[in-house]
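Each chain, written out:
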Amino acid sequence: EADIYQTPRYLVIGTGKKITLECSQTMGHDKMYWYQQDPGMELHLIHYSYGVNSTEKGDLSSESTVSRIRTEHFPLTLESARPSHTSQYLCASGRGGEKLFFGSGTQLSVL
Amino acid sequence: AQRVTQPEKLLSVFKGAPVELKCNYSYSGSPELFWYVQYSRQRLQLLLRHISRESIKGFTADLNKGETSFHLKKPFAQEEDSAMYYCALSSYNTDKLIFGTGTRLQVFP
């Protein structure tokens, strides 16, 4: 079934660890996005990609990095996690900006 | 700068009452406006878009360029409408969505 998947759903990790949040979609979308959301706040775009080997930083500065080696896969990496990275990370995909399909999100807690 | 403002964090109404969730935006060009909804334990999903001029689940939203608003309305709220609602803006020449802070709608029986 065509869908967008995010793993893990929850992640609790210690400071300084390297982490990768996975996002995959089987809908054949070229465009993929990462949003960060703190409780009670808006979703902030931190990365986006319009296709393979295309990645751009979003409106909110982030220490994370992304890669897009395959159309369906758009992982987000933090080389050294810090408590300030604690947040919810939402992955989305679409054919254009008008309708995005969101994953279930990853709730990251850095101790 | 592009910005979406949702002034109410929480809106509580009784079943059958009218609902209006406010959204204002700032954008210099011609934006596309959307409402996304997140029900409890579900993913964020598109509710409606201004360009479609459609009514979804009884909700409508009219783009008012003079007031730079895109308020979401429903004449008679239902308990199942309880959710988090986000207004979003997409500029004409990009495929990026900018979201507001969201409004939690609680509909009491």
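What you see is a predicted model, and the numbers here were worked out from it, not measured in a lab.

Participant: Give me the overall build of chain A: which residues, what numbers.
Facilitator: The helix and strand inventory of chain A stands at zero helices and eleven strands. Scanning chain A from its N terminus toward the C terminus, one meets helices and strands in the order β-β-β-β-β-β-β-β-β-β-β. Here the C-alpha atoms of chain A give a radius of gyration of 13 Å, agreeing with the 13 Å that 2.2 N^0.38 yields for 111 residues. Summarising its shape, the C-alpha atoms of chain A cover approximately 35 × 30 × 30 Å along the three principal directions. Counting the 111 residues in chain A, one finds 50% classified as buried.

Participant: Outline the overall build of chain B, listing residues and values.
Facilitator: Looking only at helices and strands, one finds zero helices and eleven strands in chain B. Taken from N to C terminus, the helices and strands of chain B fall in the order β-β-β-β-β-β-β-β-β-β-β. Against the globule reference of 13 Å for 109 residues, chain B gives a C-alpha radius of gyration of 13 Å, in line with a compact fold. A burial count over chain B gives 43% of its 109 residues as buried.

Participant: Hey, could you go over the pairing of strand E5 (residues 43-51) of chain A for me, with residue numbers and the actual values?
Facilitator: Residue and element names in this part refer to chain A. Counting buried positions over the nine residues of E5 gives seven, a clear majority of the element. The pairing of strand E4 (residues 31-37) with E5 spans six bridges and is antiparallel. Of the residues in E5, the one forming a bridge with Trp34 is His47. As paired strands, E5 and strand E6 (residues 54-57) are joined by three bridges and run antiparallel to one another. The partner of His47 across the bridge, within E6, is Lys57. As consecutive antiparallel partners, E5 and E6 are separated by two residues, and within that stretch Asn53 has a phi angle of approximately 65°, a positive value.

Participant: Summarise unusual backbone geometry; cite the residues concerned and give the values.
Facilitator: Following A:Thr7, the chain continues into A:Pro8 via a peptide bond in cis, with omega recorded as -10°. In this structure, A:Pro8 sits in the loop between strand E1 (4-7) and strand E2 (10-13). Even without being a glycine, B:Lys57 presents a positive backbone phi close to 55°. Given a relative accessible area of 49%, B:Lys57 falls into the partly exposed group.

Participant: So, the state of the cysteines: which residues are in play, and what are the values?
Facilitator: All chains considered together, the criterion is met by two disulfides over all chains. Each sulfur in the disulfide pair A:Cys23 and A:Cys91 lies 1.9 Å from the other. In this structure the cystine formed by A:Cys23 and A:Cys91 twists about its S-S bond by roughly -75°; its chirality is therefore left-handed. One end of the pair, A:Cys23, is in strand E3 (residues 19-25); the other, A:Cys91, is in strand E9 (residues 87-94), and 68 residues separate them in sequence. The same class applies to A:Cys23 as to A:Cys91, namely buried. With its sulfur 2.0 Å from that of its partner, B:Cys23 forms a disulfide with B:Cys87. In this structure the cystine formed by B:Cys23 and B:Cys87 twists about its S-S bond by roughly -65°; its chirality is therefore left-handed. Of this pair, B:Cys23 sits in the loop between strand E3 (19-21) and strand E4 (24-26) while B:Cys87 sits in strand E9 (residues 83-90), and the two are 64 residues apart along the sequence. Judged by relative accessible area, B:Cys87 falls into the buried class, the value being 0%.

Participant: With reference to specific residues and values, describe the nonpolar core.
Facilitator: All names here are of chain B. Core analysis: the biggest nonpolar cluster contains 25 residues, and Trp35, Leu72 and Tyr85 have the highest contact counts within it. For this core, the elements supplying multiple residues, two or more each, are strand E2 (10-14), E3, strand E5 (32-38), strand E6 (45-49), E9 and strand E11 (103-108). Per element, the largest residue contribution to this core is four residues, and it comes from E9. Ignoring sequence-local partners within four residues, the contact set of Tyr85 consists of Gln6, Leu21, Trp35, Tyr36, Val37, Tyr39, Leu47, Phe59, Leu72, Gly102, Thr103 and Leu105.

Participant: Tell me about the sheet that holds strand E7 (residues 60-61) of chain B, and name the residues and values.
Facilitator: Residues and elements named next belong to chain B. The sheet built from three strands is open, its strands ordered E3-E8-E7 with antiparallel pairing. Two strands in the sheet have a free side with no partner beyond their single neighbour: E3 and E7. In this sheet, strand E8 (residues 72-74) lies alongside E7 in antiparallel orientation, the contact comprising two bridges. Bridge pairing in E8 places Ala61 opposite Leu72.

Procedures and definitions
Starting from 1, residues in each chain are numbered consecutively following that chain's sequence as written. Each chain gets a letter, beginning with A, and each ligand a number, beginning with 1, in the order they are written. In keeping with the predicted nature of the model, local features appear solely for residues at pLDDT of at least 70, side-chain atom pairs appear and are counted solely at 80 or more, and the whole-chain, interface and lining totals rest on all residues. Only hydrogens and water are set aside; all other atoms, that is, all heavy atoms of the structure, feed into the side-chain values. Helix numbers and strand numbers start at the N terminus; a helix is a DSSP run of H or I with at least 4 residues, a strand a run of E with at least 2. In this description the radius of gyration comes from C-alpha coordinates, and the expected globular size is given by 2.2 Å times residues to the power 0.38. The rule is simple: take the accessible area with a 1.4 Å probe, protein chains only, and divide by the maximum for that residue type; under 20% is buried, over 50% is exposed, in between is partly exposed. Any two strands with at least two DSSP bridges between them are considered paired. The term disulfide is used for any two cysteine sulfur atoms that are within 2.5 Å. Grouping buried Ala, Val, Leu, Ile, Met, Phe, Trp, Tyr and Cys residues that are joined through side-chain atoms within 4.5 Å yields what is termed a nonpolar core. Contact between two residues is taken to exist if any of their heavy atoms lie within 4.5 Å; hydrogens are not considered.

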